[in-house]
There are 4 protein chains.
Amino acid sequence: MKVKLLKYTPEPERAVAMSARLCYSAAGAAELEQSMSEAQVGNLLKKLSDMGHLSTFEHASFTFAIEGVSRVLTHQLVRHRIASYSQQSQRYVAEHGFEYIIPPSIAARPEAKAKLAALMGEVQKTYDEMVKLGVHQEDARYVLANATETKIVVTMNARSLLHFFEKRCCQRAQWEIRDLANAMLAEVQAVAPRLFVKAGPACVTSGYCPEGAMSCGRLAGIEANKEKI
Amino acid sequence: MKVKLLKYTPEPERAVAMSARLCYSAAGAAELEQSMSEAQVGNLLKKLSDMGHLSTFEHASFTFAIEGVSRVLTHQLVRHRIASYSQQSQRYVAEHGFEYIIPPSIAARPEAKAKLAALMGEVQKTYDEMVKLGVHQEDARYVLANATETKIVVTMNARSLLHFFEKRCCQRAQWEIRDLANAMLAEVQAVAPRLFVKAGPACVTSGYCPEGAMSCGRLAGIEANKEKI
Amino acid sequence: MKVKLLKYTPEPERAVAMSARLCYSAAGAAELEQSMSEAQVGNLLKKLSDMGHLSTFEHASFTFAIEGVSRVLTHQLVRHRIASYSQQSQRYVAEHGFEYIIPPSIAARPEAKAKLAALMGEVQKTYDEMVKLGVHQEDARYVLANATETKIVVTMNARSLLHFFEKRCCQRAQWEIRDLANAMLAEVQAVAPRLFVKAGPACVTSGYCPEGAMSCGRLAGIEANKEKI
Amino acid sequence: MKVKLLKYTPEPERAVAMSARLCYSAAGAAELEQSMSEAQVGNLLKKLSDMGHLSTFEHASFTFAIEGVSRVLTHQLVRHRIASYSQQSQRYVAEHGFEYIIPPSIAARPEAKAKLAALMGEVQKTYDEMVKLGVHQEDARYVLANATETKIVVTMNARSLLHFFEKRCCQRAQWEIRDLANAMLAEVQAVAPRLFVKAGPACVTSGYCPEGAMSCGRLAGIEANKEKI
C-alpha cells in the first residue's frame, strides 16, 4: 500500500482558526488571518477540538494518492460520501498483468497463500482469453477478483477525515482500510498536527466505545492504563 | 436482476407541487396541499420540469430493493453520493453458495461462457477451502469475483434520481447499471409519472449529447426522426 | 409556531430494520420486510440505536410544514445541509402585511415590546413606500427585519434529524430553533418512536456534554438524579 | 463588497488533470502528476469541460473571504449545500455600529434612499435600547434588517463553483448575489483559468436558456451575434 498526501490547503491550521475566529469577531477574515499569532491559532484549535465544534475544519482540504489497495477496500472507502474520488477504471484500463492484494491471514497460511496464487493465475488466464474471444474488457473484468490491485485519488476535508478516522481506525474495521486510515492519519498529522490531535477511533476521540458486546476491549485497556497513572 | 420499489413518500407529486407553490404564495403548506387541484399539480410539475427548477423534487423520496446484480454494478452505483445504501455484507454473510452475473457478451459466446463457469467453480472451491483453513470470511472473500451476486437497498430523492437516470440510462453507461436505471425508472414512472416525464439520458432530457466523439449517435437519430415529422 | 409532519416514508421503522437486516442476511429485502416480526424490528432498532449504527436510518424520510417562524430561525436551519428546503420567497411574495416573531425576552419587557411594535410599524410603512416609489419588492425587502415571519417546508431523513436534534434541542441553541427542534421531535416520535427513542441533545444521547465551560449544567443534574436512583 | 480568494489547492489545474488521467491509465497519481506536460494538462481539462465530466474538478478547492454583503445575500448563498460556511454571528458579535447594504434601485431614488437611512437609524436606536433594557443581543437582533452587513468565509470545490456560477451569474439571480458570483469567478479565473473557461450562467455554459418565458433574452443576443460572424 502506498499512501501519499499530494495536495492540501496551504496553512490548513490557520485557515480553520481564522474561519472560527471570524464567527465571533467584528474583524474581517483577511485581517484576522494575518493578525492571529501562532499561539492564538493553537489555543483556538484546541478549544474547537475539545468542544467538537468542527464545522470550520471543513475549510481545510486534503488530496491523497493511494495505490496498492484492493477493490475490497475501495468499495468500502467510497461509501464515505462527503469526499471526492477518482479511481482507475477497469472499463478503460486493461488488466493483462494485474497485481493482487494478499490479506495477512492468508499470507500467514502457506497452503492458503498457494491456493490464492493458483487461483489468481487462473483468473488472469481466463481474463486474457475472454478478451481474445472478443469480450470487451469492461465485461471481461467480471472474472477479476476483489483482491485485484487498484489506484484511487481521494479528497476529503478535515472534518470528514476526522469522521473517517473514527470509523476506520477502529479495530472493528477490516485490516486493509484500517491500514489505509492509519497511513492517511500519519500523513495529515505531519502537516496539520493541531487539526488532528484528537483524531483516531471513537474510543480515542470520545473516551467511549459504542460497539457494546462487539467491542475490542481496547478502551478497557486505555482506562486501566489511566488508572495506573 | 430484480428491482422493486419498496417504499416512497406518499403522494409524491403533490408533495413536490405543494412545496414549489409555497415559495410563491402567502398561504401555508398544509393549506396549499389540500387546496391544489390535480390539474394545478400537473401544470406546476410540468413548468418545474421544463425550467429545470428541481430543488422541490427532493421532497419525494424512493426506496428500492435490488437483487441479482454484480459487485461491478454496486461499485459504480455507490459512487452516486446523494443517496443512501445498505448492502449485503461479504464480511458477515458467508458466500458458500454464491450466484454470479453473466454479461450478455459472455453469454453470447459459448466458449467464453464455459470458461466463466469453470472459473467460478474454482473460485467457490478456493473460497470454501480458505474458510476451512481458518481464514475469516472477510478475508476469504478477496478471492471472490466482481461477478458475484449481491443485494442492496437504495434510497434516492426524485432530483437525485433524475441525475442518476441522466448518467446511467445513457448508452455510454455499462449494460448492467443501465438495465438497473431503466428498471428503476419504470418503477417510479408507474407511481409518479409527472415527476419523471422528462427522465432519461441527457439526450432525452436536454436534446443535447455532451459526449462528443464518444456519442452513441442516438441523438442524431432522434433529430433525424424529428425532421421527418 | 406551527409545525406539522406532512409526509413520511410509510412504515419508517420497518424500512430501517429491513435495510439493516439485509446487510447481515442471505435473504432479500422484500422477503425480509414481510417476514420480520414487530419484536424483531424493535430489537434490531434498539441495537442500532445503542451502537450508533445509523446509516440505515437514512432510508426513512420526513417532510415538515413549518410556519410562524422568523428568518433568524430559517437562516440557522438551512445551515443543516443534509436536508431539503423550500421557503416562502421575499422576492416573489409581497410583504404588505407581514407578521413578526416576538422573542420571549422581549415579550417579558413591556417597554422593549412596545419599541419592537413601533419599529415594526415603521418597517412596514417604509417597505410599502419603497414599493410605491417603484422599488421592486426583492429590493424593498432589504428593510425587513430578521423578526419577519416566514414559512418553510423541510425534508430530512431520520439520521440527519438525529443530528439536528443533538445540536438544536441543546440549551445552547437559541430558544426559537430549540422550540422548533422539540416540536419536530414530538412529531416524529409519534409516528416512529423506536427510531427516535434516543433522540435529543448530546447530553441525552451520549451522556456527555462537550460544551465545557459553556455547558448549561443540565447533565450534572441528570447525573445527580441518576445517583439518587 | 469585498471578495478575496484566501486559499486554494496548490496547482489546482494539475490536481484535476492528474486525477482524470489516473482513471484511464495504468500509472499512479504521483507519477502522472510529475510527468504530465502543461499542454497535456490543458488538453485534458478542455476535453473534460467540453464533455461535462466534472467529478475530477472536485479535487480543487477554493476558500473565499467575503465582506460587505447583506444577510439577504447570505441567506441565498448558504442554500448551496455542497460548500462550507463560517459566518459572523449576530448572537456573539454586538451590532452597536452596524453597516448596511443599499440596493442600487434604492440608491438611484433619493427619496427611497433617505427613507432607508432614516429607518436604519431607528433600527440602530431600537437595538441599542433593547440591549440596555437587558435583552440579550441574540434576541435584540430580531429588529435588525435584512440589509445589515455581514461577513462570511466560503469554501467550495471547482465543480460546486461551476454549478454556483450557472445559477448565480444568471440575470435572473438577484443583483447582489450575482455581483458576488461574478467577483468569485474573476478570482478563480485568475488562478485556474482552464478550470473555469466555460464558467458562467447556463446560457454561456450550455448555449441554452431553460428559463422559458422568464428568460432575460441574453441568449437571443448571443445567437444573433454568432450569426453576424
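Refer to the structure above for everything that follows.
The structure contained in this document is the topic of the report that follows. (Residues numbered from 1 in each chain as written. Chains lettered and ligands numbered in written order. Predicted model: local features only at pLDDT ≥ 70, side-chain atom pairs only at ≥ 80, totals over all residues. Heavy atoms only, no water.)

## A word on the environment of Leu116(B)
Of note, Leu116(B) is situated in helix α6 (residues 110–132). As a C-alpha pair, Leu116(B) and Arg178(B) span 62 residues in sequence and 22 Å in three-dimensional space. Leave out the neighbours within four places in its chain, and Leu116(B) touches Met130(A), Val143(A), Tyr100(B), Ile101(B), Ile102(B) and Ile106(B). (Helix = DSSP H or I, 4+ residues; strand = E, 2+ residues; numbered from the N terminus. Contact = heavy atoms within 4.5 Å.)

## A closer look at the relation of the copies chain A and chain D
These two copies of the chain differ by a rotation about an axis and a displacement along the same axis. The transformation that overlays chain A on chain D combines an axial shift of 0.0 Å with a rotation of 180°, and the residual RMSD is 0.0 Å. In symmetry terms, the pair is related by a two-fold rotation axis. Nearest to the rotation axis, the C-alpha of Thr9(A) is located 2.5 Å from it, this being the minimum over chain A. Both copies share a contact surface, since 100% of the interface residues of chain A are interface residues in chain D too. (Least-squares fit on C-alpha atoms with pLDDT ≥ 70 in both.)

## Considering the sheet that holds strand β3 (residues 84–87) of chain A
All names here are of chain A. Across the sheet, 4 strands lie side by side as β1-β2-β4-β3; this open sheet has antiparallel pairing. In the strand order of this sheet, the two ends are held by β1 (2–8) and β3, each with one partner. Strand-to-strand twist across the sheet, computed as the mean angle between neighbouring axes with direction ignored, equals 20°. Sheet topology note: the β1/strand β2 (residues 61–70) ladder contains 6 bridges and is antiparallel. Paired with Leu-5 across the bridge in β2 is Phe-64. Helix α9 (residues 175–191) contacts β1 and β2 of the sheet and is inclined by roughly 145° relative to β2. (Pairing = 2+ DSSP bridges. Axes fitted to C-alpha atoms, helices over the stretch in contact; angles between N-to-C directions.)

## Describing the environment of Gln189(C)
All names here are of chain C. Mapped onto the fold, Gln-189 is located in helix α9 (residues 175–191). Taking the relative accessible area as the measure of exposure, Gln-189 reaches 31% and is therefore partly exposed. The spatial distance from the C-alpha of Gln-189 to the C-alpha of Ala-199 is 9.0 Å, given a sequence separation of 10 residues. Looking at Gln-189, its side chain comes within polar contact range of the main-chain oxygen of Phe-196, at 3.0 Å. (Buried < 20%, exposed > 50% of the residue type's maximum accessible area, 1.4 Å probe, protein only. Polar contact = N/O pair within 3.5 Å; in protein donor to acceptor, adjacent residues only side chain to side chain.)

## Section: the pattern of salt bridges
Tallying each qualifying case throughout the model produces 52 salt bridges over all chains. Among the ionic pairs, Glu149(B) bridges to Lys151(B), the shortest N-O distance being 3.6 Å. Lys151(B) shares its class with Glu149(B); the two are buried. Residues joined in a network through salt bridges with shared partners are Lys7(A), Glu11(D), Glu13(D), Arg14(D), Glu33(D), Glu38(D) and Arg194(D). (Salt bridge = Lys/Arg side-chain N within 4 Å of Asp/Glu carboxyl O.)

## Thoughts on the side chain of Asp139(A)
Here Asp139(A) is to be found in helix α7 (residues 137–140). For Asp139(A), which is buried and forms no salt bridge, the nearest opposite charge comes from Arg141(A), at a distance of 6.6 Å. Among the polar contacts made by the side chain of Asp139(A), one reaches the side chain of Trp175(B) at a distance of 2.8 Å. Residues in contact with Asp139(A), not counting those within four places in the same chain, are Pro103(B), Ser105(B), Ile106(B), Gln174(B) and Trp175(B). (Lys, Arg positive; Asp, Glu negative; His and termini not counted.)

## Side note on the interface of chain A and chain B
Chain A puts 50 residues into the contact, and the matching count from chain B is 50 residues. When chain A packs against chain B, close to 4,400 Å² is buried across both sides, 53% of that on carbon and sulfur atoms. At the boundary of chain A and chain B, one finds 2 salt bridges. Between Lys115(A) and Glu129(B) there is a salt bridge, with the nearest N and O atoms lying 3.2 Å from each other. Where chain A packs against chain B, one counts 37 residue pairs in polar contact (both at pLDDT 80 or more). Taken together, the elements giving at least two residues each to the side of chain A that touches chain B come down to α4 (71–77), β3, α5 (104–107), α6 (110–132), α7 and α9 of chain A. (Buried area = accessible area lost by both parts, 1.4 Å probe.)

## Topic: the sheet that holds strand β2 (residues 61–70) of chain D
The 4 strands lie next to each other as β1-β2-β4-β3 (chain D), forming an open sheet whose pairing is antiparallel. Two strands bound the open sheet, and with one partner strand each, they are β1 (2–8) and β3 (84–87) of chain D. Sheet twist, expressed as the mean angle between neighbouring strand axes with direction ignored, is 20°. Contacts from helix α1 (residues 12–23) of chain A reach β1, β3 and β4 (149–157) of chain D, with the element oriented near 150° to β4(D). Here helix α8 (residues 158–168) of chain D sits on the sheet in contact with β2 and β4 of chain D, set at roughly 125° to β4(D).

## A closer look at the packing of aromatic side chains
In total, this model carries 24 aromatic pairs over all chains according to the counting rule given. Linked through ring pairs, Tyr8(A), Phe62(A), Phe164(A), Phe165(A) and Phe196(A) together constitute an aromatic cluster. (Phe/Tyr/Trp six-rings, centres within 6.5 Å; stacked < 30°, edge-to-face > 60°.)

## Focus on the side chain of Lys7(D)
The residue Lys7(D) is located in strand β1 in this model. Ignoring anything within four residues of it in the chain, the contact list for Lys7(D) reads Thr9(A), Pro10(A), Glu11(A), Ala15(A), Glu33(A), Ser61(D), Phe62(D) and Thr63(D).

Just geometry here; none of it tells us what the structure is for.
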